Amino acid sequence: MRIDIVSLFPELAEAFFAHSIIGRARAAGILDLAVTNPRDFSTDKHHHVDDTPYGGGSGMLMQAAPVYAAVEHILPVRTPHTRVILTAPTGVPFTQDTAKRLATYEHLVLVCGHYEGIDQRVEDGLADETISVGDYVLTGGELPAMVITDAVARMIPGVLGAADSAGEDSFYTGLLEYPQYTKPAVFRGMAVPEVLLSGHHANIAAWRRRESLRRTWERRPELLARAPLTEDERRLLAAWEDGEA
Ligand code: 4H4
């Protein structure tokens, strides 16, 4: 898979591309990552990329032309296997399901929304979709682009390597992940649950599923409506609701 980030601050994405799991996947050729600066496609002699908003108002908006030129340079031909995504607080909320869907494309281009906004023609005539990483406003679209890149990359076979546990991740099962422990068995008086030391795989799996359900019920009950639950699990939830378990 190839992911291009279009950003006025390419050094941020380059640093992100160079480290950890993403960096190793890039070095292994599993991910093809690049960043492009729309300023390189500005045609005026001062390389302007923003200007004042029509209709007045404070601040500057990122102009459409340099962004169009950058994306069309990256992606001269659009196909059903390519996707151009604008990051902005006005976008559709990014979820694990979005990450799974975006991982099915061959080439993603992530356009970083500008800290003061971007000409609407970028959304209307260039982006296939607009995505928000959360209901808060950031100083730039670079972190959202890196969040999306990271979550999508984890869905690509081979990226996680030996740590490939995406199938048990929070949200992947529709629930939050269960509590996890490593050595020592007791730390500052807090002991690892006995079942996890038992070696009884069926009991461990049952404990983990119940703890995922409990954590989701306590912290993100809205997820339960869509999560695939057994009848026993629904009865357990009802018991918790009634304070009976
Ligand atoms: C755009 C900030 C518009 C403020 C932005 C305005 C997110 C997010 C984000 C840089 C861009 C901000 N991007 N998910 N959340 N002037 N991007 O905050 O309309 O208030 O993806 S404005």
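Look above for the structure.
Residues numbered from 1 in each chain as written. Predicted model: local features only at pLDDT ≥ 70, side-chain atom pairs only at ≥ 80, totals over all residues. Heavy atoms only, no water.

**Some words on the pattern of salt bridges**
So, step 1. This model, assessed by the stated rule, comprises 13 salt bridges.
So, step 2. Residues R78 and D128 are paired through a salt bridge, measuring 3.1 Å at the closest nitrogen-oxygen approach. Of this pair, R78 sits in the loop between helix 3 (64–74) and strand 5 (82–93) while D128 sits in the loop between helix 5 (120–125) and strand 7 (129–132); the two residues are 50 residues apart in sequence, bridging distant segments of the chain.
So, step 3. The exposure class of R78 is partly exposed, given its relative accessible area of 36%.
So, step 4. We classify D128 as partly exposed; its relative accessible area is 33%.
So, step 5. Taken together, the shared-partner salt bridges connect R2, D4 and D32 into one network. (Salt bridge = Lys/Arg side-chain N within 4 Å of Asp/Glu carboxyl O. Helix = DSSP H or I, 4+ residues; strand = E, 2+ residues; numbered from the N terminus. Buried < 20%, exposed > 50% of the residue type's maximum accessible area, 1.4 Å probe, protein only.)

**Here's the deal with the environment of E218**
So, step 1. Tracing the sequence through the fold places E218 in helix 8 (residues 201–219).
So, step 2. Look at E218 and you get partly exposed, because its relative accessible area is 49%.
So, step 3. Counting along the chain gives 125 residues from E218 to P93, while the straight-line C-alpha distance between them is 22 Å.

**Observations regarding the nonpolar core**
Nonpolar side chains in soluble globular proteins tend to be buried together.
So, step 1. Membership of the largest hydrophobic core comes to 30 residues, with the highest contact counts inside it found for I5, F17, L31, L102, L108 and V152.
So, step 2. Elements with a minimum of two residues in this core: strand 1 (2–6), helix 1 (10–17), helix 2 (20–27), strand 2 (32–36), helix 4 (96–102), strand 6 (107–112) and helix 6 (142–153).
So, step 3. Counting residues per element, this core draws most heavily on helix 6, which supplies six residues.
So, step 4. Residue contacts for L102: discarding those within four places in its chain leaves M1, R83, I85, F94, L108, E129, I131, I148 and V152.
So, step 5. Membership of the second largest hydrophobic core comes to 18 residues, among which are V6, M62, V84 and V122. (Core = buried A, V, L, I, M, F, W, Y, C linked by side-chain atoms within 4.5 Å. Contact = heavy atoms within 4.5 Å.)

**Some thoughts on the site of the ligand**
So, step 1. The environment of the ligand is made up of 18 residues, and the closest members are H114, V133, G134, Y136 and L138.
So, step 2. For the ligand, a nitrogen atom lies 2.9 Å from a polar atom in the backbone of V133.
So, step 3. Contact with the protein chains covers 78% of the free accessible surface of the ligand, which is 500 Å².
So, step 4. When residues in the shell around the ligand are grouped by element, the largest group, three residues, is from strand 5.
So, step 5. Its residues assigned to classes, the shell around the ligand comprises nine nonpolar, eight polar and one charged. (Near = heavy atom within 4 Å. Polar contact = N/O pair within 3.5 Å; in protein donor to acceptor, adjacent residues only side chain to side chain. Areas by Shrake-Rupley, 256 points an atom, 1.4 Å probe, with all protein chains shown as cover. Nonpolar A, V, L, I, M, F, W, Y, C, P; charged D, E, K, R; others polar.)

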